[in-house]
Amino acid sequence: MTAEVALKPKDYASAQDVRWCPGCGNYSVIKAVQKTLAEAGNDPENTVFVSGIGCSSRFPYYMETYGFHTIHGRAAAVATGVKIAKPELDVWVVSGDGDSLAIGGNHLLHLLRRNVDVTYLLLNNEIYGLTKGQASPTSRRGTLSPTSPHGTLDQPVNPIEFAIGAHGRFIARCVDSLQGLLSETFSRAHAFHGTSFVEILQNCLVFNDGVFADQEDKKKNEETLLWLRHGEPMLYGADKSKGIRFNPKTYALEPVTIGLDGVTLDDIVVHDETSHGLAMMLSALEAPLPVGVIYAAPEATFIGRQPIPQGTMAKSTARLAGAMHAGNTWRVE
Amino acid sequence: MTAEVALKPKDYASAQDVRWCPGCGNYSVIKAVQKTLAEAGNDPENTVFVSGIGCSSRFPYYMETYGFHTIHGRAAAVATGVKIAKPELDVWVVSGDGDSLAIGGNHLLHLLRRNVDVTYLLLNNEIYGLTKGQASPTSRRGTLSPTSPHGTLDQPVNPIEFAIGAHGRFIARCVDSLQGLLSETFSRAHAFHGTSFVEILQNCLVFNDGVFADQEDKKKNEETLLWLRHGEPMLYGADKSKGIRFNPKTYALEPVTIGLDGVTLDDIVVHDETSHGLAMMLSALEAPLPVGVIYAAPEATFIGRQPIPQGTMAKSTARLAGAMHAGNTWRVE
Amino acid sequence: MNFQTSAGTAPDEGRRLRREAVVIRFAGDSGDGIQSAGNQFGIEAALAGNDLSTYPDYPSEIRAPAGTTYGVSSFQIQIASQEIHTPGDKLDCLVAFNPAALKVHLVDLKPGGVLIVDAGAFKAAGLKKAGYDHDPLSEDHADELADYRLLNVDISTLTRETVAAIPDIDVSSKKDALKARNMWVLGLVLWLYGRDKHATLEWIDKKFGTKPLVRAVNFAAVEAGYAFGATALLPSGLEPVTIEPAKAAPGLYRTATGAETTAYGLAAGALKQGLLPVYCSYPITPATTMLHTLARLGEEAGIRTFQAEDEIAAICAAIGASYAGGLGMTGTSGPGMALKSEGFGLAVAAELPLVIVNVQRGGPSTGLPTKVEQSDLLQAVAGRHGDAPMPVIAMRAPSEGFDIAVEAARIAVKYMTPVIVLSDGYIANAAEPWKIPSLTDLPDRRLQRGDAHGIQPFARDPQTLARPWIVPGMAGGVHRLGGLERQDGSGEVSYDPKNHERMTELRMKKIDGIAEDIPLQEVDLGAETGDIAVLGWGSTYGAITDAVEKLVAEGLSVSHIHLRYIHPFPRNLPELLKGFKKVIVPELNTGQLTMLLRAKTLLPIEAVTKVAGRPFQIGEVETAIRAALSEMSS
Amino acid sequence: MNFQTSAGTAPDEGRRLRREAVVIRFAGDSGDGIQSAGNQFGIEAALAGNDLSTYPDYPSEIRAPAGTTYGVSSFQIQIASQEIHTPGDKLDCLVAFNPAALKVHLVDLKPGGVLIVDAGAFKAAGLKKAGYDHDPLSEDHADELADYRLLNVDISTLTRETVAAIPDIDVSSKKDALKARNMWVLGLVLWLYGRDKHATLEWIDKKFGTKPLVRAVNFAAVEAGYAFGATALLPSGLEPVTIEPAKAAPGLYRTATGAETTAYGLAAGALKQGLLPVYCSYPITPATTMLHTLARLGEEAGIRTFQAEDEIAAICAAIGASYAGGLGMTGTSGPGMALKSEGFGLAVAAELPLVIVNVQRGGPSTGLPTKVEQSDLLQAVAGRHGDAPMPVIAMRAPSEGFDIAVEAARIAVKYMTPVIVLSDGYIANAAEPWKIPSLTDLPDRRLQRGDAHGIQPFARDPQTLARPWIVPGMAGGVHRLGGLERQDGSGEVSYDPKNHERMTELRMKKIDGIAEDIPLQEVDLGAETGDIAVLGWGSTYGAITDAVEKLVAEGLSVSHIHLRYIHPFPRNLPELLKGFKKVIVPELNTGQLTMLLRAKTLLPIEAVTKVAGRPFQIGEVETAIRAALSEMSS
Ligand SMILES: Cc1ncc(C[n+]2csc(CCOP(=O)(O)OP(=O)(O)O)c2C)c(N)n1
Ligand SMILES: Cc1ncc(C[n+]2csc(CCOP(=O)(O)OP(=O)(O)O)c2C)c(N)n1
Ligand code: SF4
Ligand code: SF4
Ligand SMILES: [Mg+2]
Ligand SMILES: [Mg+2]
C-alpha cells in the first residue's frame, strides 16, 4: 500500500477546483487527510475515498486517489462492498451529519458492529449544507432553520454516544480548526484495523456559522476542549489547572479545578483508551468536550485488509462444480 | 382512553386464530400485554398496535384493538405519523430483532431521540423467524444459520446499548417466560410519556430454540438474571447472596458474592433508574443480565399525547389564507 | 406586511419605446445576489401589470468559487403586455456581473440585444478564471461584442462611491459595498424597462429593518442605479423601454413559484375536506422549498410538518398520519421517489389516501439535481412491485400548483388512494403572476366521521369502489389493516386465490374509474381535428403554447393538447387523438409519455425529446412541428 | 455423497399398468413433512428416468396451527414418460394427511382419481377444525367420495405399529412415530407408481446417520408403506402403475430447483469471467434460498456472500464490490426491488456491472409472499427515476436458471450495466431434471486487467458503447466516479446540457444495442406465421407449451413464442408478431408485457391475465386460445 516515490500532501490533491465555500471547515480537514496519507506513504492507486451526498461528500473529487461519490446515506454500505471484494484497498468513508445520521444511520450502525476495516470521517456541521440549511439530527435543540422556523424540538444525536452504542472499536473526535489534532487523530485512525470512526466538528459558515466557535477559537478552546491522550491524566485549561474526576454518585465524569475543594492531581482520571467503561462516560461528557482518541480497542475484523488468497477462484470453481453434482444424479446416454 | 365497562385481558384478544408456532415465546408476551391493557382500562378503540414484518409483527392481528401490520422495518416511522396526526391515541409498536435492528435500525434511532410517545416492544429471538432462520443482527457470534453455515462472525447489536446510544429515555428488558416481570414492566412502559423501549428475550423454538434457556428456566435464572428495582440494591442469586459492585478500575459493574473477599451489602450498587451513568454501565452488563426497568428519565416529548386543540383547523385555514396573500399583491379589475 | 398596489405606472412614460415583451437575464456569481435582484424585478413588473415568467438557474454548489464558469448563477425573466407562457428563448438583455457570466451566457443574447457588464469586474484574474485569454471589453476586441448594444460601466466603482457617500457610513459597510452591486444593477434595469422601484425599497426596508446601515447601503444602491439610467448619457441605441400592462382575468394577484402554490394547495386540499394536513418530507432539491413553505405556515397554525430522517420515514409517517385520519402528504424528487416506492405499495394495498408530489430533476441517480427534466413519469405510473395502480396528475405551470394539489387531495380521499402529482424543477422555482384563489369559494368537502359500527373496512362504495375510511378512535371500527392481501369486505388477511384476483381487479377498476370523474380532454389551442396534434404534459406547456400559437397564426393545421391527467387518461383521449393525422409529444425525457400513449391508443405517436436539464425553447418546439409537417407532406 | 444411478427399473414391472404421466399431490399440515416426502418422490422418479415437474405450495406461517385449512402445505408433482413442462392441472392422485388437506384439495382431484387418506387423522377435533360438520369417510356419506378410488387406511396406526415393532426402540421414538407418517406414505406411493426406494433409504441414512433411532424409524416406515402396497389387498381399481423413462438429451442429470440453478449460474457467470462473485442480499421469501445456496457454497471456497442489514445495503454493497472489480450480485423479491431502485440508478449512472435477480411473488406490498406472480415486470423495465435503462431477461423454468444467470453476467460485464433477471416464486421453488452443465465447457471470458494509463474512464468501446472497467488498484487509473452526470470521456462531473443529452442517449443506445448481441426470437412451437401467436415470458412457459401442443395437434393454427429478452426485445420481434393475425399474451399480472409490446409494435395485442397467486393451468391457457380463435372466426 505504500507508494514507490515519496509523495507530498499536495500530490494527493486532484486537479479539480475545490468547490466548497471559501472559508468552509472542510478545507482544513482535507489538508490533514492529505498530510496523513503522505506521512503514511499511501499509494494513491490503492486508496479509495467513498462518500454519500452532501457538501462534505464532495470530498473524493478533490483527492488524487480513487474515489466514489455514491448516493445519500449509503457510503458505508458501498464501502463494505468494496472491502469485501478487495480487502487490500485502503478505504476511507467521508460523510456528513445528515448523510451519516439521518438517512444513513442504519448503515453506520452495521459498519461499526461489523468492524469493517475502513476509516470513517463524519464531518459534523450540525446542519444540511448542500440542501441549504435545514436542521440535521445533530442540530442542537432550538436550532432555527427553514424547516424549523421556531427552533428544533428533538434531542440531537451525539455521534460518539451513537458509535459507542453501536459497538464501535475506534472512536475519536476532532475540531476542524486544529490541524495538529486532526492529523494526529487521522494517523491513529488510519493505522487502526477495523472501523475507525472520527467525528469532526466542522463549521458551515453559510448555514450554521459559529456553532463551534468556542471549540475552534484557540483562546477559548483551552477551556472548552479536553484533549485526550492515552495514559495521561485528563487535564485541561490554559495552565492545565483543571481536570476530570469520576463522580461515584452520578457514575459520570465531571470537571474539577485542582486545588479547589481539596481536589488533587490524584483525583484526576487517567485516560485509558482501551476502557469501554471510560469511553461510555466520556461519550456523555459535554463540557469540556473530549477530543482525540476516546476509545481504541482492536478486535478481530472479518471484513479486513487481508487480500483474497491466490487460487481462491480456482478453488471456487472446483467447489461450485462439486456442489452442482451433489446429491442424486443420473446419466442419460 | 379508559374503557367504559371494565374489560378483561381476553377482551383484548381478537377473534383471529393465533398463527404462531405452538410454544412460541410470543404467546406469553401477548398475554402480558392484554393483561396490562385490562389493568390500565384501555379503550380498544383508542389503542393502536403498529408492527413491521416478521413472526412478531403478526401481533396486531391477535389484538382486539386497532392494528396496522405495515412493511418490514418501518413500524416506528408509521407510528410516528399516527402520533403526529392523532396524539391522543395510545400507540404500541411491536417488532422483531430483524425488523427493528437490521432494516429498521434508523427509524428506531430517530424514534428514540425524538422521544415519540409510544410503547415499543422488541421481540428479540436473535433470529429471523418468518423467513426461516437466518441470523439476525442480535444473533450471537458463531450462530449457525442457513446464511452463516460456519457461524456468524460479527459482533451482535445489544439492543439496550443501542437504545442508550440513541438517547432513549425509558429502557427495559424482559424475558418471555416471566409473566410477572413482563406485566410489571409493560405497565411501567405504558405509563411513561415518551418512547418506552422494552426488549423481550423471546424463544423461537423452531429456529433458535434454547438460546435463552438460562434466562427462562426458573431454576437457572436466579443466577443469570438481575431483576432491577428502583432504590433497591442490585442483588441476585437464589438467596440474594450475590450482588453488583462498581469496579473503579474498569469503570464497569461486576458481580460479587457478599461475604466473599470482604464484600458487604454496602458495596452493592443501589439501582437508580434515573441515572444515565448507571444505565450505561448496566447496558454493558451481561452476567447476570439486568432485567426490569434499566433507565427511566422522563423528558419533554413533542410527539406526545396531547390532543390537537379544538379550532386548530379553522386557525390553519385563516393562516393559510394570510400566507397566500402575503407580500406584494395587485388587483386586476 | 400585506400591502396592495394597483397596476402601476412606469416612470417618464412619454419618451419610451413600447415593447410587447422583453427577456432579461441577470448572471453572476452565486454570491452576487442574482436571484434576489431577479425576483425583485419580477415583482415590480407584476405590480406594473405585466405578465411574466421567470427561470432561476443555479449551480448545485452552495458558493462555488467566485469567478468560475461553473459557479455562475442566473435568473431569466420575460415580462410582457400580453399573455406569455415561458421565460423566453433568446435574450433582449443580458446583465453579466463578471467575465464568467459573460462567457457562459453571451450565446443566448439576441443580435442587437442590450449587454450590461460591470467593467470593474473584468480584471486579469477574473478573465483567466473564466477562460478568457483576453479582455473582451477592450478596444482591441471591439468586434467581439459589436453585435450588441453594450453598456460597459464600472458598476463596482459606482456602487462603492455611492456607498461611500452615505453619511455616517462605517468602514465595514464600505468593505461590503460591493455586495450591493445587485441593487445598483436592479435600479438601472428597472429604469431601463420603465418599472417602478417602490416595492423594492419596501422589501429592503423590511428585510434589513434591524440593520440600518445595510438598509441604507441597499437603498442608496437602488436609487443610484435608477438615477444613473435617468441621468447618464446612455450610448445611442440604448433607449429606455416600457411594456404596457397585460390583460388578465379580474382578481387579486401576486407572484408565486410553483413550490409555493403547490404547498398552499396541499394545505387547502386537506383543510377543505376537514382533514389535518400532515406533510412529512425529507429535504431534497428542488422539492425542499415546499417543506419550507409549509413549515413556515404550519408551526403557528397547527398544520403539521415533519422533517423525517429519510424519505422512507417520510412516506411511512405520511401513511401513519392518513391511517390515523389526517391527510398524509409528502414531497420529494427522483431519488426520494425511488426510496418511497415500497411505501406507495403499502398505501395502495391498505387503500389509504395520500398525496405525493414529485418535483422532477435531471436523472438518473443524482444526475443534475438543480436542473429540470420530466423523466420520472414511468416511475410514477409503473415503478412499484405488484400490480399497484396509482393516479398520476401533472401541473403545467407554477400558477397551476394550487389547483392540481387540491385536485389530488380530492381524488386521494374520494377514492382512498395515494395520488402522485408531478411537478418539476422548473415549475417549482419559476415564478408567475398567480391569481390568489379564495379559500372560502373552494368547495367544502368536509368528511363526516362518526360511528363505524357494522361497517366493514373493505366494503366498497359501489360507485367509486372506495373503501370506507375507518380510523382509530372511531367507535365500533376496531379492525386490523396490513399489506398482506385482504379479504374483500372484511379486510382480514386472505390467501384465497380468487379473492386476490378479485381484489387486484377492484384496485385496478377503482383507479381506472377515476376517468369518469375528471374532465374530458380538451384541445388547448387550435382545431379539434387536423394535421398535427402536439400533445404535452407538465412544464412544456409554455413552450408548446407559444410555438403552436405562432403556427396556428400562420394558418397551419396544428393543435395543442395538454394533459393534466396521466393515469388514468381522460376517457376521450384516444378518440380525440384519432382526429389528427399525426401526434407528436415534446417531452423532457426519452419518450416516456409517448410510450404510454402508444400502448393505449396504438397510434404511431412520436416523441420529440430533450434531455439537457433545460426547458424546451419555443423555437425548438416550433422546429419539431415544422419538421413533422413537412414529413407529412413529403 | 455424490453417487450416481443409471435410469432405474421399477419394481415388479410386469403386472403394472403403463401410464404416460401421473399427477400426484401430497397435502397435510406444515409439520407433516409433506415437502420432503414430495421431494424424495421426485428424486426417485428422476432416477427412474422420468421427466418431472413439481409445485411446492406452503402457507406463509412457519407452523400454522395444526389441522387448520390455512395451515395446509402441499407438494404437487407430475412424472411422465415424455417431456412435460408443468406439474399438471388436475390430480391423478391426492394424498390427504388430515381433514383440512382433504377439504382444501379434493376439488383438484380428477373423477376416478386415487384418493389416499389417513383414516387415523379423521377424528372429531380435526374434522371440526377443517370445517366439516360430518366425517366424509363415514359410510353415511359414502356418496361424497364415490367418484374417486378411495384408499382409506389408518396410516397413523400402521405407522405407530411399524415403529413399535422395531427392536430396541425407546419410548420417545414411539411418541414421535407419527412424524414418520410421511415416509410410510412415501413408501406406499413409490410402490403404487412403480418407483424405487433406494435413493430414499440412502437419503435417510445420510440425514439421520447420527441419530440411529430416528434413522431406524424412518427406514421402517418407508419399508412398511412399500410393503403395504405390495402385500395388502388394495381396493379394486387401485392397480399399480408404472411410467416408462422419458427421452432426454444425453448427459448427467439431477433434479434442481430454480433457486439452485440460478445461484449456481450466478457463481459460474462471474467465475468464468475471472471475477470474484460477490452476492449481497437480505433475506426475503422466495428469494432467500439463493442466498442459502450460495452461502453454503461460498464460505469454504471464497465465493463471497454478504447478508446485509437491508436491501439498500445489499445493492450498495454489490455496487461497491463491482466498483472494486468483483462481480456484485443481489437477489430479492418485489419489496426489496422497490428499496433497491435508487441503487440501480447509481449503477446505471456509474455504468458498473451488476446482476439482480427478482424472484417475483404476489403483490402489491407484502401481498401473497409465498405465492407466484409476474407483476414486477414494469418495475424492472421502468421503475427508476430518470431515464435509466437496464436490460431485463427472464427465465422460463427451473432448469433454465443457470443459463440465464450466466447470460446476465455476460451482458452485465460486456456492457458495463446492471442487469435484471426475472424469476418467480414458482420457478424458484419448483424442481425439474436439470442437465448439469460442465463448467469447463462454458466459454471462458476471463477479463484482462492491467494498466489503465491513458484510458479515460468514460471512453467507450465503439461497438458495445461500454466504458472501460477501471478499478481501484489499477496503475494509472486513478479517477473519481459518481452519480452526478459525468462528462463523456473523462467522467468528470459535468453540468453541460449538451453533454447530459449525449450521455442520456449513449446510455440508451448502449442498452438498445444489446439487441444486436442476442439471438433472434424464435417460435417455440407451431408455424412461423398463422392465426394466433401465444406470446409468453417466464414461468408461464410450461402451461403455454402444453396448451399449444394440444391445439397444434388438433391442426389449429396456433404458435407459441416465448420471450427471454424483455429489454431490449429481440430485434425481429415486431416483424415476427406481424406474421400472426392475433397475438395474445398469457401473463400472471394485469397485462404488463402486453403494454410494452403494444407500445413497441402498435399491434392490438391482448393480455390473458391471471392474478391468483398460482401458475396458469394448461386448461386455462387452452380455453383462452380457443376463445381467441372463435372470436376471430366470428
Ligand atoms: C435520497 C436523497 N435524499 C435527499 C437528498 C438531498 N440531500 C443531499 S445532501 C443532503 C444533506 C446534507 O447534509 P449533510 O450530510 O450534513 O452534509 P453537508 O452538506 O452538511 O456536508 C440532502 C438531504 C439526496 N441527494 N438524496
Ligand atoms: C423489504 C423486505 N425485506 C425483507 C422481507 C422479508 N422478511 C420478512 S420478516 C423478516 C425478518 C424477520 O425477523 P425478525 O424481525 O427478527 O422477526 P421474527 O420473525 O423473528 O419475529 C424478513 C427478512 C420483507 N418482508 N420485506
Ligand atoms: S454550505 Fe457550509 S458546509 Fe457547504 S461548502 Fe459552504 S460552508 Fe461548507
Ligand atoms: S418461527 Fe419462531 S418466532 Fe416464528 S412463530 Fe415459530 S417459534 Fe415463534
Ligand atoms: Mg452537515
Ligand atoms: Mg427475530
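Cut-offs applied
- Residues numbered from 1 in each chain as written.
- Chains lettered and ligands numbered in written order.
- Predicted model: local features only at pLDDT ≥ 70, side-chain atom pairs only at ≥ 80, totals over all residues.
- Heavy atoms only, no water.
- Helix = DSSP H or I, 4+ residues; strand = E, 2+ residues; numbered from the N terminus.
- Rg over C-alpha atoms; globule rule 2.2 N^0.38 Å.
- Buried < 20%, exposed > 50% of the residue type's maximum accessible area, 1.4 Å probe, protein only.
- Contact = heavy atoms within 4.5 Å.
- Areas by Shrake-Rupley, 256 points an atom, 1.4 Å probe, with all protein chains shown as cover.
- Lys, Arg positive; Asp, Glu negative; His and termini not counted.
- Charge placed at Lys NZ, Arg CZ, Asp CG, Glu CD.
- Buried area = accessible area lost by both parts, 1.4 Å probe.
- Salt bridge = Lys/Arg side-chain N within 4 Å of Asp/Glu carboxyl O.
- Donors = N, O, S within 2.8 Å, 3.2 Å for Na, K, Ca; no water.
- Near = heavy atom within 4 Å.
- Polar contact = N/O pair within 3.5 Å; in protein donor to acceptor, adjacent residues only side chain to side chain.
- Least-squares fit on C-alpha atoms with pLDDT ≥ 70 in both.
- Axes fitted to C-alpha atoms, helices over the stretch in contact; angles between N-to-C directions.
- Parallel < 35°, antiparallel > 145°, perpendicular 65-115°, else oblique.
- Left-handed = near helix turned anticlockwise from the far one by under 90°.
- Nonpolar A, V, L, I, M, F, W, Y, C, P; charged D, E, K, R; others polar.
- Domains from an automatic or database assignment.

**A word on the overall build of chain C**
Along its length, chain C carries 20 helices and 22 strands. In terms of C-alpha radius of gyration, chain C reaches 27 Å, essentially the compact-globule figure of 26 Å for 634 residues. Residue burial in chain C is summarised as follows: out of 634 residues, 69% are buried. Expressed as a percentage of contacts within chain C between residues at least 6 apart in sequence, the contacts between residues at least 24 apart total 77%. Total accessible area computed for chain C in this model is approximately 20300 Å², and 52% of it derives from carbon and sulfur atoms. Separation of charge centres in chain C, based on 60 positive and 74 negative side chains, amounts to 3 Å.

**Looking at the interface of chain D and chain A**
Think of interface size as the accessible area that goes away when the parts come together; that is how it is often given. Each partner contributes residues to the interface: chain D has 77 residues there, and chain A has 55 residues. Regarding the contact of chain D and chain A, the summed buried area is about 5700 Å², with carbon and sulfur atoms giving 63% of it. Between chain D and chain A we count 2 salt bridges in total. Among the ionic pairs, Glu309(D) bridges to Arg114(A), the shortest N-O distance being 2.9 Å. Among the elements that make up the side of chain D that touches chain A, the one with the highest residue count is helix H11 (residues 311-323) of chain D (8 residues).

**What about the coordination of the magnesium ion (ligand 5)?**
Residue and element names in this part refer to chain A. At this site the magnesium ion (ligand 5) is bound by Asp97 (OD), Asn125 (OD1) and Ile127 (O), with donor distances of 2.0 to 2.2 Å. Positions of the donor residues of the magnesium ion (ligand 5) along the chain correspond to the pattern D-x27-N-x1-I. Remark: Ile127 occurs in the loop between strand E4 (118-124) and helix H5 (159-165) and Asp97 occurs in helix H3 (residues 97-101); sequence separation between them is 30 residues. With respect to burial, Asp97 and Ile127 carry one shared label: buried.

**Things to note about the site of ligand 1**
Contacts to ligand 1 come from 22 residues, most closely from Cys55(A), Ser56(A), Asp97(A), Asp99(A) and Glu311(C). Two or more chains meet at ligand 1, and those chains are chains A, C and D. Here an oxygen atom of ligand 1 sits 2.7 Å away from a polar atom, N or O, in the main chain of Asp99(A). In the model, a nitrogen atom of ligand 1 is placed 2.4 Å from a nitrogen or oxygen of the Glu311(C) side chain. In isolation ligand 1 has 590 Å² of accessible area, and contact with the protein removes 98% of it. Put simply, the parts of the chain that give the shell around ligand 1 at least two residues each are H3 of chain A together with helix H12 (334-350) of chain C.

**Structural notes on the interface of chain D and chain C**
At the interface, 60 residues of chain D touch 60 residues of chain C. Buried surface at the junction of chain D and chain C, both sides included, amounts to about 5000 Å², of which 62% is carbon and sulfur. Counting across the chain D and chain C interface gives 0 salt bridges. Linking chain D with chain C are 26 residue pairs in polar contact (both at pLDDT 80 or more). Every element with two or more residues in the side of chain D that touches chain C is listed here: helix H12 (334-350), helix H13 (377-382), helix H16 (497-513) and helix H19 (592-601) of chain D. Looking at the side of chain D that touches chain C, the element that brings in the most residues is H12(D), giving 10 residues.

**Topic: the relation of the copies chain D and chain C**
By a simple turn and slide, chain D fits onto chain C: the slide is 0.0 Å along the axis, the RMSD is 0.1 Å, and the turn is 180°. These values place the two chain copies in the arrangement generated by a two-fold rotation axis. Comparing interface residues between copies, 100% of those in chain D also lie at the interface in chain C; the contact surface is shared.

**Observations concerning the coordination of the magnesium ion (ligand 6)**
Taken together, Asp97(B) (OD), Asn125(B) (OD1) and Ile127(B) (O) make up the protein donors of the magnesium ion (ligand 6), found 2.0 to 2.1 Å from the metal. We classify Ile127(B) as buried; its relative accessible area is 2%.

**Comments concerning the packing of helix H2 (residues 75-85) of chain B against helix H11 (residues 311-323) of chain C**
Contact pair H2(B) / H11(C): the axes reach a minimum separation of 6 Å and the direction vectors enclose 45°. Taken together, the axis directions place H2(B) and H11(C) in an arrangement best described as oblique. Both H2(B) and H11(C) take part in a crossing whose hand is right-handed. For the pair H2(B) and H11(C), contact is made by Ala77(B), Val78(B), Gly81(B), Val82(B) and Ala85(B) and by Ala313(C), Cys316(C), Ala317(C), Gly320(C), Ala321(C) and Tyr323(C), respectively. Of the residues belonging to the contact of H2(B) with H11(C), the class tally is 9 nonpolar, 2 polar and no charged.

**With respect to the domain arrangement of chain C**
Residue and element names in this part refer to chain C. Domain annotation of chain C identifies domain 1 (17-243), domain 2 (254-441) and domain 3 (523-633). Using only C-alpha atoms to locate each centre, domain 1 and domain 2 end up separated by 35 Å. Counting each side, the surface lost to burial between domain 1 and domain 2 is near 1000 Å², with a carbon and sulfur contribution of 54%. It is Leu52, Thr54 and Tyr58 that lose the most area in domain 1 upon contact with domain 2, and together they represent 39% of the buried surface on that side. Here domain 1 and domain 2 share 1 salt bridge between them.

**Re helix H9 (residues 276-284) of chain A**
Counting buried positions along H9(A) gives 7 out of 9 residues, so the element sits mostly inside the fold. Inspection of H9(A) places Gly277(A), Leu278(A), Ala279(A), Met280(A), Met281(A), Leu282(A) and Ser283(A) among the buried residues, and these make up the whole buried set. Contacts from the buried residues of H9(A) go to H5, strand E7 (225-227), strand E9 (242-247), strand E10 (252-257) and strand E11 (289-296) of chain A together with helix H9 (276-284) of chain B.

**Section: unusual backbone geometry**
The omega angle of the peptide bond from Gly363(C) to Pro364(C) is 0°, so this bond is cis rather than trans. In this chain, His567(D) is followed by Pro568(D) through a cis amide linkage whose omega measures -5°. Here Pro568(D) is to be found in the loop between strand E20 (565-567) and helix H18 (573-578). Even without glycine at this site, Glu126(B) takes up a positive phi of about 55°. Structurally, Glu126(B) can be placed in the loop between strand E4 (119-124) and strand E5 (127-128). Judged by relative accessible area, which is 8%, Glu126(B) ranks as buried. Backbone geometry at Glu351(D) places phi at a positive 50°, although glycine is not the residue there. Structurally, Glu351(D) is set in the loop between H12 and strand E13 (354-360). Judged by its relative accessible area of 0%, Glu351(D) falls in the buried class.

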